[in-house]
Amino acid sequence: MIPDRVRQILSWYESDNPGTLANLRRLIGTGTLADTGKFVILPVDQGFEHGPHRSFAPNPPAFNPHYHFELALEAGCNAYAAPLGFLEAGARTFAGQIPLILKLNNNDSLFSTKNPSQAITASVEHALRLGCAAIGFTIYPGSANSQAQYEQLNGLAEEAKRFGLVVVVWSYPRGEGLSKEGETAIDVAGYAAQIACQLGAHIVKVKPPSEHIEQAEAKKAFEKANIPIRTLADRVRQVVASAFDGRRIVIFSGGPAKDEAAIYEEIRGIRDGGGFGSIIGRNAFQRPKTEALKMLRRIMNIYLGKE
Amino acid sequence: MIPDRVRQILSWYESDNPGTLANLRRLIGTGTLADTGKFVILPVDQGFEHGPHRSFAPNPPAFNPHYHFELALEAGCNAYAAPLGFLEAGARTFAGQIPLILKLNNNDSLFSTKNPSQAITASVEHALRLGCAAIGFTIYPGSANSQAQYEQLNGLAEEAKRFGLVVVVWSYPRGEGLSKEGETAIDVAGYAAQIACQLGAHIVKVKPPSEHIEQAEAKKAFEKANIPIRTLADRVRQVVASAFDGRRIVIFSGGPAKDEAAIYEEIRGIRDGGGFGSIIGRNAFQRPKTEALKMLRRIMNIYLGKE
Amino acid sequence: MIPDRVRQILSWYESDNPGTLANLRRLIGTGTLADTGKFVILPVDQGFEHGPHRSFAPNPPAFNPHYHFELALEAGCNAYAAPLGFLEAGARTFAGQIPLILKLNNNDSLFSTKNPSQAITASVEHALRLGCAAIGFTIYPGSANSQAQYEQLNGLAEEAKRFGLVVVVWSYPRGEGLSKEGETAIDVAGYAAQIACQLGAHIVKVKPPSEHIEQAEAKKAFEKANIPIRTLADRVRQVVASAFDGRRIVIFSGGPAKDEAAIYEEIRGIRDGGGFGSIIGRNAFQRPKTEALKMLRRIMNIYLGKE
Amino acid sequence: MIPDRVRQILSWYESDNPGTLANLRRLIGTGTLADTGKFVILPVDQGFEHGPHRSFAPNPPAFNPHYHFELALEAGCNAYAAPLGFLEAGARTFAGQIPLILKLNNNDSLFSTKNPSQAITASVEHALRLGCAAIGFTIYPGSANSQAQYEQLNGLAEEAKRFGLVVVVWSYPRGEGLSKEGETAIDVAGYAAQIACQLGAHIVKVKPPSEHIEQAEAKKAFEKANIPIRTLADRVRQVVASAFDGRRIVIFSGGPAKDEAAIYEEIRGIRDGGGFGSIIGRNAFQRPKTEALKMLRRIMNIYLGKE
Amino acid sequence: MIPDRVRQILSWYESDNPGTLANLRRLIGTGTLADTGKFVILPVDQGFEHGPHRSFAPNPPAFNPHYHFELALEAGCNAYAAPLGFLEAGARTFAGQIPLILKLNNNDSLFSTKNPSQAITASVEHALRLGCAAIGFTIYPGSANSQAQYEQLNGLAEEAKRFGLVVVVWSYPRGEGLSKEGETAIDVAGYAAQIACQLGAHIVKVKPPSEHIEQAEAKKAFEKANIPIRTLADRVRQVVASAFDGRRIVIFSGGPAKDEAAIYEEIRGIRDGGGFGSIIGRNAFQRPKTEALKMLRRIMNIYLGKE
């Protein structure tokens, strides 16, 4: 029987067809956190985003695409997300063993601009052909190219949903419209979550927000309503509210590799604020596998309320 | 039997198929103002346009997408308009209870430019799948991007009409071609209404016009013909004339939240000038629900000539 | 039986299908000038191009789209040309009463640039659905955007011809490549007519040319061949020659409202130079209807050689 | 029986379908030079490119599109090439009398830029509908827009070949990448021929090359290999080598009108260098017809080796 | 029976259909290095990229497209790669004799820019029609145009794979994002290989990397992990690791013509580092054929471990 919490989450997605709900259910129902409504996802797009040596030299087995499938499986993640090439390289060996999220757009760091965008590097048909449960797509609210990205996402998400896939949006504020500090400001993080949800995302990934407030009009609104934002849990609560009052799944990224204590504290903040989980890349695959597995299990324990 | 006024309004739309006329009839025939030929519509795209906290922190239940369906229903509005995500989040719960307008394009305020545009964030197929009666689309006459927007609207409106949907155009002058004051100038407001009608809109939404006249050639025309523009009713009359001499439905937006007396005075001006109604967003959902309902009922009473 | 002159004109269009020839024949065979091979057409796109008050305040009944259908009918024009909205607003009432030309692109004056273009505001399918005989399209030779416009026209004209419609091109030199004076220069006017014909136009509309010669190389050619350009009739003759030696229909616009004597003199010049007729907008609809009808009848009389 | 030289030329086109070979055979087998493997083609796009008076005022009958069909026929040309309008205006009268080349792109001189392009002004379907044997397309190697042009040609040529048409490419180096002198430099002329052949052209048209060498690296290659380029015949030989060692048909344009002696000398140079023929426009149609016919016959005689 | 090494290589391509695997097997199974898992490929796109005289004047028979088919065949290469025109010119004569790679995009040197791109000059359908085993495509990571190129490749590669073709990517870092020295830096070469693999390439071609490290973050990673990069073999090893830990075929280009000793030394470095082979253009076809054949045989011997 389907647990109440799972039934509740699925009920929020009022316009989706049974195919998409089935894939969403697979994402919820997989791994150590199965059916808890919590998520830990392994994303590995850093080979494309930062280059292979910055990404994999700290733990050389990670050059091999099979490594990441195995890591996600052994750690009991809900899903594994990667660009086309990395999924193609393990698609047959690991077929049906873990839900896959095909990242449909990517950006490298050999060219940079103050108004970043991403190249579309795979299609919905690719995702279906590879047996994926979901597509992933990054948007950069704040960039002069953001409207073009929203339009790309709109088209791809519509196609994905028609064919029963889940849509996961990486909403990363960046570009000329924002200060560096503003990229993780609490108002901007909430805004980024709202935009992704309005664009039809099922699952939204944002960065853990800081206490900074970027926009003057938003500052007034926070102050007038006297909204607490001092702790990470406070701020996560606002991001979750921004995601349709908690009716969309919001997960948080881990950012650059850091020490374990800091990671666990961050996870507790996300959990206590009502966040749905984490997407942990570099902190996982840049550690030796045994360490990574130990760390991911502790993170899952925190989400399970055991730590 | 269909009332004369409704029959008259429908007769203006000489090129539309029965599907579109049926949906237009639904919009006219719904809510407290049913069959009066007057409209009060609830639009909630501010989460996308201004961000979630600026929009919903003043009245936190409004973070929840269901809140707005309920508000529109309880207030007896003719329709509820919102972007994709907000409609998807209530599509099943509120199916068939109130005519829906899917806003097909949107703009956020994390990036701004002197020649604004909007991203296309949903499709006509989305509108059909969600059971909407109409699509909504914003154009910015005066922007260097306006021609591209007209072309987008042309394509989407043609598709919408073919499938029996109504086309609602938000015509908001803005951009390099205009002074700030000119955005609401009486000549520009009339011009904005005319452009939307020429592009095939069934319903046009403009801002209440000011007494300012932006364009020198228009000023000459107003002065030569001795056209009165001192009162809001005078000016609304010119906007209605600009909308094919009253043969297209023109409604007016409410703008930023303000005190109630000012709102009611504005509504009387719109009514007395022959305007077809109002589209009231922030003034409605940023108040506690009971206050909002009271206010919306008084507005409807004004349109009914009871106040 | 089909008159010789009509048969001759139709014979010039060697590549067209019977559907297009039938619509061309309708244009030739309608109104006071029926079957003379002369044309007076009523165009009303000024609401879009210049705004509603500049266009219609001088004669307020003209705010109503039905007014122009009636004016064209009562005056005995060959056809009525307008943008989508204006035709949609009378399509049913006046169905089949007068050949219609749907203007497929338009430009407003709320934004201006030194390299103008026009937005595509309707489709060939719209024209068919509204029962039109022809599409109309404006090009701006001399603008940096002219090549993009030629390509748009190429696609739309091909589609229109395939479905049996006539193609009418407004060829209006404008943009960075030309001086202000050059926009109506005799060499440029001839060039504009030639371009439209090479692009496949059936009917070309240009402005009455001035004596100015814009391009140095053209000046040499005019001087070497000793071509007379002193009178309007002389110059019209050169424009007609430029339109495939008279094997394409060239008509002339009237420009801004002016006094009647000047209008009649211009019409005589066009007639004496072999021009095929006029397209009279503002000079017609900005006058009270009785005056406009009187004036249009005199213009037709001039084309009939009665004045 | 098919002559050996014709069989040889056709054998070079190893990837074409029988439809294209049949049309190529028609081009080879028509007119005074039929089956010699030599070509004289009449092109008349100057009305579009330079304007009607610069082009046709020197010989006014040339304003009439029929004139050029007749000139090409009476002179015994292999083919007649023109833009859409000029071909449409004679398509029925001259159907099947001479192979036609529809020029698919064109450029006017009312706007100029240092990185020129051409507008696409007709389609492959137009060419088929008009009974043409070939499409013509201009590229401007050296222009910042050249890559976009190559892509247009790639698409149109693929479509043309699929439907059995021949592809003729006007390869005219021009734009920011080149000095004025470099536009006809011998290295650039060879490079232009090579690019057209690599893009899949069956027939390439270039300008007669000068002794100038534009690119430093090319200069080294010419000097190291000690390649003679002093006479026009020497240089034509290098252009022919650049066209797949003579396995593609290369013809040469005549350029601006000039005196006859100069023309004949140029033709002899082209012939002696192994060129396949000439495309003669202004030098033909800007002369009175009898003179033009005399001149074209002498040119053909030179190609026949009789002068 | 299929050799173990071939079986192993094919096993890496987990998402490909049998058609693509069959063509990959043809590439592996052809020529002197058949079934060794090593490759020597002849590419001849320099006529397009550098011009005909710079490319072919050093060895004039190379002007003829047949020459290169013959050279590749006689030398026992695994495949011959060229642009559309060169393949069309020998497609029938050499049909089925050697695997062909159709280069789908090309760039000439008559125009240059700091952010280069390539024009798409052929289609997947062309490749199928010409009987090719693979498509070739160049990307320029580091260019402002790189994202557009990735998107082009994404579309073409998906189409190619659907129809059973192999995808070969020339990954050549270049453009505003990189210093001149950085174009062949070891970190950049590895990054270029990674990007191509993530985009779905089956075979990647890069330039032999230098010891330079371009990106500060990459430098830290190389130093921290203490990665040896002193010898070419060391560096090739890192590029191979960057290509999915050796699970994608990486081959290396030869660059400008140089003396034979230098060539052989480079080949040994590639071999010793685990590279899969070479793509040798100018060093092969700019020598007299007997010399070229001798050189290519020695190169193959090195790959076979005989020298």
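Rules used throughout
- Residues numbered from 1 in each chain as written.
- Chains lettered and ligands numbered in written order.
- Predicted model: local features only at pLDDT ≥ 70, side-chain atom pairs only at ≥ 80, totals over all residues.
- Pairing = 2+ DSSP bridges.
- Helix = DSSP H or I, 4+ residues; strand = E, 2+ residues; numbered from the N terminus.
- Axes fitted to C-alpha atoms, helices over the stretch in contact; angles between N-to-C directions.
- Contact = placed C-beta atoms within 7 Å.
- Core = buried A, V, L, I, M, F, W, Y, C linked by C-beta atoms within 7 Å.
- Buried ≥ 20, exposed ≤ 12 C-beta atoms within 10 Å, placed from the backbone.
- Nonpolar A, V, L, I, M, F, W, Y, C, P; charged D, E, K, R; others polar.
- pLDDT = per-residue confidence, 0-100.
- Least-squares fit on C-alpha atoms with pLDDT ≥ 70 in both.
- Right-handed = clockwise from strand over helix to strand, strands pointing away.

Another aspect to go through is the sheet that holds strand β7 (residues 166-171) of chain E. Residues and elements named next belong to chain E. Reading around the circumference, β1-β2-β3-β6-β7-β8-β9-β10 is the order of the 8 strands in this closed barrel, with parallel pairing throughout. Adjacent strand axes in the sheet meet at a mean angle of 25° when their direction is disregarded. Relative to strand β2 (residues 79-82), strand β1 (residues 39-43) runs parallel, the two being bridged by 3 bridges. When the sheet's bridge partners are listed, L42 is paired in β2 with Y80. Sheet contacts for helix α8 (residues 146-162): β6 (134-139) and β7; angle to β6, the most-contacted strand, approximately 170°. The strands touched by helix α9 (residues 186-198) are β6, β7, β8 (203-206) and β9 (249-253); relative to β8, the strand with the most contacts, the crossing angle is about 155°.

Next up on the list: the arrangement of the chains. A minimum C-alpha distance of 20 Å separates chain A and chain C, which share no contact. Taking C-alpha atoms only, the smallest gap left between chain A and chain D, which are not in contact, amounts to 20 Å.

What follows concerns the nonpolar core. Of all hydrophobic cores here, the largest spans 527 residues; its most connected members are I135 of chain A, I135 of chain B, I135 of chain C, I135 of chain D together with I135 of chain E. Ignoring sequence-local partners within four residues, the contact set of I135 of chain C consists of I101, L102, L104, V124, A127, L156, A160, L165, V167 and V168 of chain C.

This part takes up the interface of chain E and chain A. How big an interface is tends to be stated in terms of the accessible area lost upon association of its parts. Taken together, the contact between chain E and chain A spans 39 residues of the former and 34 residues of the latter. Looking at the side of chain E that touches chain A, the elements with two or more residues in it are α8, α9, α10 (216-224) and α11 (232-242) of chain E. The element best represented in the side of chain E that touches chain A is α9 of chain E, accounting for 8 residues. In terms of residue class, the side of chain E that touches chain A is built from 18 nonpolar, 13 polar and 8 charged.

Once that is clear, we can look at the confidence of the model for chain A. For chain A, per-residue confidence averages 97 on the pLDDT scale, and residues scoring 70 or more make up 99% of the total. Two numbers describe this predicted complex: its pTM, 0.97, and its ipTM, 0.96.

Turning next to the relation of the copies chain E and chain A. Least-squares fitting of chain E to chain A yields an RMSD of 0.0 Å, with the superposition described by an axial translation of 0.0 Å and a rotation of 72°. These values place the two chain copies in the arrangement generated by a five-fold rotation axis. For chain E, the smallest separation between a C-alpha atom and the rotation axis is recorded for A148 of chain E, amounting to 11 Å.

What follows covers the sheet that holds strand β6 (residues 134-139) of chain D. All names here are of chain D. Taken in spatial order, the 8 strands close into a barrel running β1-β2-β3-β6-β7-β8-β9-β10, and their pairing is parallel. Adjacent strand axes in the sheet meet at a mean angle of 25°, parallel and antiparallel pairs treated alike. Taken strand by strand, helix α5 (residues 65-75) contacts β1 (39-43) and β2 (79-82), and its axis lies near 155° from that of β2.

All names here are of chain A. Residues of strand β8 (residues 203-206) alternate between two faces, with I203 and K205 on one and V204 and V206 on the opposite face, all of them buried. One ladder, built from 3 bridges, connects strand β7 (residues 166-171) with β8; its direction is parallel. Counterpart to V169 in the pairing with β8 is V204. Since β7 and β8 lie parallel, the crossover through helix α9 (residues 186-198) that links them has a hand, and here it is right-handed. Bridging between β8 and strand β9 (residues 249-253) involves 4 bridges; their strand directions are parallel. The residue bridging I203 from the neighbouring strand is I249, located in β9.

The next thing to look at is the pairing of β7 of chain A. Residues and elements named next belong to chain A. The buried fraction of β7 is high, at 6 of 6 residues. Both faces of β7 are covered, namely the face carrying V166, V168 and W170 and the face carrying V167, V169 and S171. With 6 bridges connecting them, strand β6 (residues 134-139) and β7 associate as parallel partners. When the bridges of β7 are listed, I135 appears paired with V167. Remark: the β6/helix α8 (residues 146-162)/β7 crossover connection has right-handed handedness.

Moving on, we come to the interface of chain D and chain E. Counting residues at the interface gives 39 residues for chain D and 34 residues for chain E. Put simply, the parts of the chain that give the side of chain D that touches chain E at least two residues each are α8 (146-162), α9 (186-198), α10 (216-224) and α11 (232-242) of chain D. Broken down by element, the residue count for the side of chain D that touches chain E peaks at 8 residues, all from α9 of chain D. Class assignment of the residues belonging to the side of chain D that touches chain E gives a composition of 18 nonpolar, 13 polar and 8 charged.

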